[in-house]
Amino acid sequence: MGNNYHQLPNSSPPARLLATRPCCGPGPERRPVLGEAPRFHAQAKGKNVRLDGHSRRATRRNSFCNGVTFTQRPIRLYEQVRLRLVAVRPGWSGALRFGFTAHDPSLMSAHDIPKYACPDLVTRPGYWAKALPESLALRDTVLAYWADRHGRVFYSVNDGEPVLFHCGVAVGGPLWALIDVYGITDEVQLLESAFADTLTPARLSQARFSACLPPSSHDAANFDNNELENNQVVAKLGHLALGRAPVPLPVDAAAAAIPCGPRDRPRPASSPALLEADLRFHATRGPDVSLSADRKLACAPRPDGGRTLVFSERPLRPGESLFVEVGRPGLAAPGTLAFGITSCDPGALRPTELPADPDALLDRKEYWVVARAGPVPSGGDSLSFTLQPGGDVLLGINGRPRGRLLCVDTTQALWAFFAVRGGAAGQLRLLGTLQSSPATTSPSGSLSGSQDDSDSDMAFSVNQSSSASESSLVTAPSSPLSPPVSPVFPSPEPAGSKNSECTVCFDGDVDTVIYTCGHMCLCHSCGLRLKRQARACCPICRRPIKDVIKIYRP
């Protein structure tokens, strides 16, 4: 691959004269420096690290963590720490973490070295490290990184262009290299040092910035790997014949306590490429669900679920589609997902008010609608929820329309909410939103057939229930509705359409339209009976019924 690195000789190499760079700042003096190639520190290392006889090669045994290592001597400014990734094993999340520390490893005890460099070490003063992007962590890749006199850390891969990794490293004292043999990186080899060129201002302005995650969010990969390791242990235990009745395994409380981190995995291929990323989860959430730092991911690690309601940070706009990823790729299907719409601002709710069963919210005075979206085929699938201007909410799974999920009153501001399923698949990731053009939206009140309805096994999963069961799924609006508007009558549906039956009695033909919402979903006799009820409302959108009008088909 055009890599330039030196083979290690069988015998110890003599000291050689390296190119010089200023160690403590600019100046006319250029002193030659006798360079000793760095080695791994023999004592200051994670419990899973094994070193070769020359302390140049570090191999992580077992698991994915406890691979923190340090160099045995300080690294000079502009001196490149050069590493070759000898072995890479897929299956884990994340890759090599690297950086510097101002703490002498010789003064560290085994108890001072945690499982992870990120976030355990980088949250302490005097440690600076970040992750190599997983896409660059390939076998035989040569990584070089260094610090300059301004406290900036750069890295390059296979002698490529430098990438500005991070800034703010304290260069007033000695710095030791910090290398965490983590995740998919199984084995690394320290190569002989070289000195990096000083970047001119013009070249520095062209240097790329690292696209890897900030240090505060590296616990996402730790969460993934802990969960994967626990699953592997459970799988191994499942093959043991212990000669006694199986005992249910206890919940891993430690894994449940690990904070939820943002995902660095790519979006599902079925989701649109151009999604707006402005929408996040609201800070108000159920006490048994955690959010990532950017509030794009909700995690509910408890298998028994609990109170896991999460809300959109802002109301959905008419014509807007919300895309989410349910569960995690490679794990079991998370089953159904509870989805709902509410006129209640989540900021006015207290987390202690949020129940485990979202149907319990229907007793509140605000407008709440709950439906079950699914079943979800498998973990990692993407779901879309489109709020049409007419009030229909359309469901899509993996880019395919699955029909109308529910109908809502769009005269109010409406927030979306979810109940996250707990356990290994208990993750819900916000992928983004997509605003449709006005030309693609259906007119208000229209229930004419579309591709979204024709091949759907989910259409009217809420609306085709009886009036009694429907009232248990939807609550009435608490705020006054907008002034009455003239109804928009839909075009007649063809005979034999699946929507030609009354949504109350499921017997008579639909021949009546409701004023003022314009929904055409009743036979005339059911419409008259419904109109005579106290606080009569439309069985689809729950708006008050002012009148029912019989329609005569040609």
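As the structure is a prediction and not an experimental result, all values here were calculated from the model.

### Focus on the pairing of strand 14 (residues 185-190)
Taken across its 6 residues, strand 14 has 6 buried, putting it largely inside the fold. Alignment of strand 7 (residues 79-88) against strand 14, held across 5 bridges, turns out to be antiparallel. Within strand 14, the position partnered with Val88 by the bridge is Thr185.

### Overview of the confidence of the model for the protein
One rule of thumb: low pLDDT means the predicted coordinates there are not for detailed reading. Taken as a whole, the protein shows an average pLDDT of 74; of its residues, 66% reach a score of 70 or greater. Mean pLDDT in the protein bottoms out at helix 6 (residues 467-471), which sits at 32, and peaks at strand 13 (residues 176-180), which reaches 96. Below pLDDT 50 for its whole length, residues 240-259 participates in 12 contacts with residues either more than four positions away or in separate chains. With pLDDT under 50 throughout, residues 438-498 is counted as low confidence; its partners more than four residues away or in other chains account for 130 contacts.

### Describing the sheet that holds strand 22 (residues 337-342)
Sheet strands pair via backbone hydrogen bonds, and the direction of the pair is either parallel or antiparallel. Overall, antiparallel pairing links the 5 strands, which are arranged 17-20-27-22-23 in an open sheet. Lying at the two open borders of the sheet, with one neighbouring strand each, are strand 17 (281-285) and strand 23 (368-373). Strand-to-strand, the axes of this sheet are offset by a mean angle of 30°, without reference to chain direction. Bridging between strand 22 and strand 27 (residues 415-419) involves 5 bridges; their strand directions are antiparallel. Counterpart to Gly340 in the pairing with strand 27 is Phe417.

### Topic: the sheet that holds strand 24 (residues 381-387)
Pairing in this open sheet of 7 strands is antiparallel, and the strands run 18-19-28-21-24-25-26 from one edge to the other. Every other strand in the sheet has two partners, leaving strand 18 (290-291) and strand 26 (400-407) as the edge strands with one partner each.

### Quick look at the nonpolar core
Within the largest apolar cluster, 38 residues are counted, with the highest numbers of intra-cluster contacts made by Leu96, Phe98, Phe100, Tyr145, Tyr155, Ile179 and Val188. Grouped together as the second largest cluster of nonpolar side chains are 34 residues, Ala298, Leu337, Phe339 and Ala373 included.

### Observations regarding the pairing of strand 24
For strand 24, a buried count of 7 out of 7 residues is recorded, marking the element as mostly surrounded by other parts of the structure. Residues of strand 24 alternate between two faces, with Asp381, Leu383, Phe385 and Leu387 on one and Ser382, Ser384 and Thr386 on the opposite face, all of them buried. Sheet topology note: the strand 21 (residues 320-326)/strand 24 ladder contains 7 bridges and is antiparallel. Counted as the bridge partner of Glu325 is Ser382 from strand 24. One ladder, built from 5 bridges, connects strand 24 with strand 25 (residues 392-397); its direction is antiparallel.

The rules behind each value
- Residues numbered from 1 in each chain as written.
- Predicted model: local features only at pLDDT ≥ 70, side-chain atom pairs only at ≥ 80, totals over all residues.
- Heavy atoms only, no water.
- Buried < 20%, exposed > 50% of the residue type's maximum accessible area, 1.4 Å probe, protein only.
- Helix = DSSP H or I, 4+ residues; strand = E, 2+ residues; numbered from the N terminus.
- Pairing = 2+ DSSP bridges.
- pLDDT = per-residue confidence, 0-100.
- Contact = heavy atoms within 4.5 Å.
- Axes fitted to C-alpha atoms, helices over the stretch in contact; angles between N-to-C directions.
- Core = buried A, V, L, I, M, F, W, Y, C linked by side-chain atoms within 4.5 Å.

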